[in-house]
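Here's the letter readout for the chains.
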Amino acid sequence: MSKKDKKNKQKLLWISDFNYSGYTLVSNILIPFLQKKYDIYILVINSPKYSKTDMKDIMNFKINNDKIYKITLPEKTYNTEYFMNYTMGIFEIPKILKQHQFKYIFSINDYQILAKHLKIIKKCNFKGKTIVYMPIDAENYKKNFLDDLNMANYILTMTENSKNIIQDTGVTKKIYVLEHAVNNIFEPLQNKQGLRQRFFG
């Protein structure tokens, strides 16, 4: 790739854990492909005890230190809500968006974290596209429980069943399925109900 092509790459902000979580596994699989087309910056959340060196040892792709934003522990002790917002990157996102003109923001995490990200991104008047990628680990959500997903431009989940569960809550945005990387490692359960009864009665 020429220097001109590298310079003209659109910027993408990737928000994820980077420790040994499933989100790290997915990020490690997707980012190397996306780097061919996008200039990627990473905001690492929920991983305060890991240094940038630790994280780069976990990453299976190359990225400069100045493109990694790492959330550290706050210097003072605050209430639980402040601490959670801090480690989720809620206070860091506005700072980063002031420094760079991103075309895309991609956040991969649980719904409760994605909802907070979408709200702060909207508050920042972000003009690009937001993409969220989330698992579904429960059934029978209340109607409108996942409504904040409608603030995203694109919603990705990991299975057709997860897509159907999200749609059943009333989410109106189109939902895309991108299989979770661990599907290639672990075999799906054949009898979920039987396993639940075995452990929980």
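All figures in this text were calculated on a predicted structure; none of them were measured in a lab.

Brief notes about the side chain of Ser107
No. 1: One can find Ser107 in strand β4 (residues 104-108).
No. 2: Apart from the residues lying within four places of it in its own chain, the contact partners of Ser107 are Ile15, Leu114, His117, Ile131, Val132 and Tyr133.

Here's the deal with the side chain of Thr130
No. 1: Here Thr130 is to be found in strand β5 (residues 129-134).
No. 2: Look past the residues within four positions of Thr130 in its chain and what remains in contact with it is Ile105, Leu118, Ile121, Met151, Ala152, Asn153 and Tyr154.

A word on the pattern of salt bridges
No. 1: One pass over the full model with this rule turns up two salt bridges.
No. 2: Notably, a salt bridge pairs Asp39 with Lys67, separated by 2.4 Å at the nearest N-O pair. Of this pair, Asp39 sits in strand β2 (residues 38-44) while Lys67 sits in the loop between α3 (52-58) and β3 (68-70), and the two are 28 residues apart along the sequence.
No. 3: By relative accessible area, which is 15% here, Asp39 ends up buried.
No. 4: Among the salt bridges present, the one from Lys119 reaches Asp148, with a minimum N-O distance of 3.4 Å. Linking Lys119 in helix α6 (residues 111-123) with Asp148 in the loop between β5 and β6 (154-157), this pair joins segments that are 29 residues apart in sequence.

Focus: the packing of aromatic side chains
No. 1: The full count for this structure, using the stated rule, is twelve aromatic pairs.
No. 2: The interplanar angle of 80 degrees and the centroid separation of 6.3 Å between the aromatic rings of Phe106 and Tyr133 together place this pair among those described as edge-to-face. Remark: Tyr133 occurs in strand β5 and Phe106 occurs in strand β4; sequence separation between them is 27 residues. Comparing Phe106 with Tyr133 shows no difference in burial state: the two are buried.
No. 3: Each ring, one from Tyr141 and one from Phe145, has its centre 5.4 Å from the other, and the planes form 20 degrees; the classification is stacked.
No. 4: The class for Tyr141 is partly exposed, based on a relative accessible area of 23%.
No. 5: Here the aromatic residues Trp14, Phe106 and Tyr133 are joined through ring pairs into a cluster of three or more.
No. 6: The ring of Tyr41 carries Lys67 above its face, with NZ or CZ at 5.3 Å from the centroid.

Some words on the sheet that holds strand β7 (residues 175-177)
No. 1: Taken together, seven strands build an open sheet; the order of strands is β3-β2-β1-β4-β5-β6-β7 and the sheet is parallel. Both outer strands of the open sheet, β3 and β7, are each paired with one neighbouring strand and no more. Strand-to-strand twist across the sheet, computed as the mean angle between neighbouring axes with direction ignored, equals 20 degrees.
No. 2: In terms of strand pairing, β6 meets β7 through three bridges, oriented parallel. Each bridged residue has a counterpart across the sheet, and for Ile155 the counterpart in β7 is Ile175.
No. 3: The sheet strands contacting α6 are β1 (10-16), β4 and β5, and the helix crosses β5 at an angle near 170 degrees.
No. 4: Helix α7 (residues 160-168) contacts β5, β6 and β7 of the sheet and is inclined by roughly 165 degrees relative to β7.

About the criteria used
Residues numbered from 1 in each chain as written. Predicted model: local features only at pLDDT ≥ 70, side-chain atom pairs only at ≥ 80, totals over all residues. Heavy atoms only, no water. Helix = DSSP H or I, 4+ residues; strand = E, 2+ residues; numbered from the N terminus. Contact = heavy atoms within 4.5 Å. Salt bridge = Lys/Arg side-chain N within 4 Å of Asp/Glu carboxyl O. Buried < 20%, exposed > 50% of the residue type's maximum accessible area, 1.4 Å probe, protein only. Phe/Tyr/Trp six-rings, centres within 6.5 Å; stacked < 30°, edge-to-face > 60°. Lys NZ or Arg CZ within 6 Å of the ring centre and 35° of its normal. Pairing = 2+ DSSP bridges. Axes fitted to C-alpha atoms, helices over the stretch in contact; angles between N-to-C directions.

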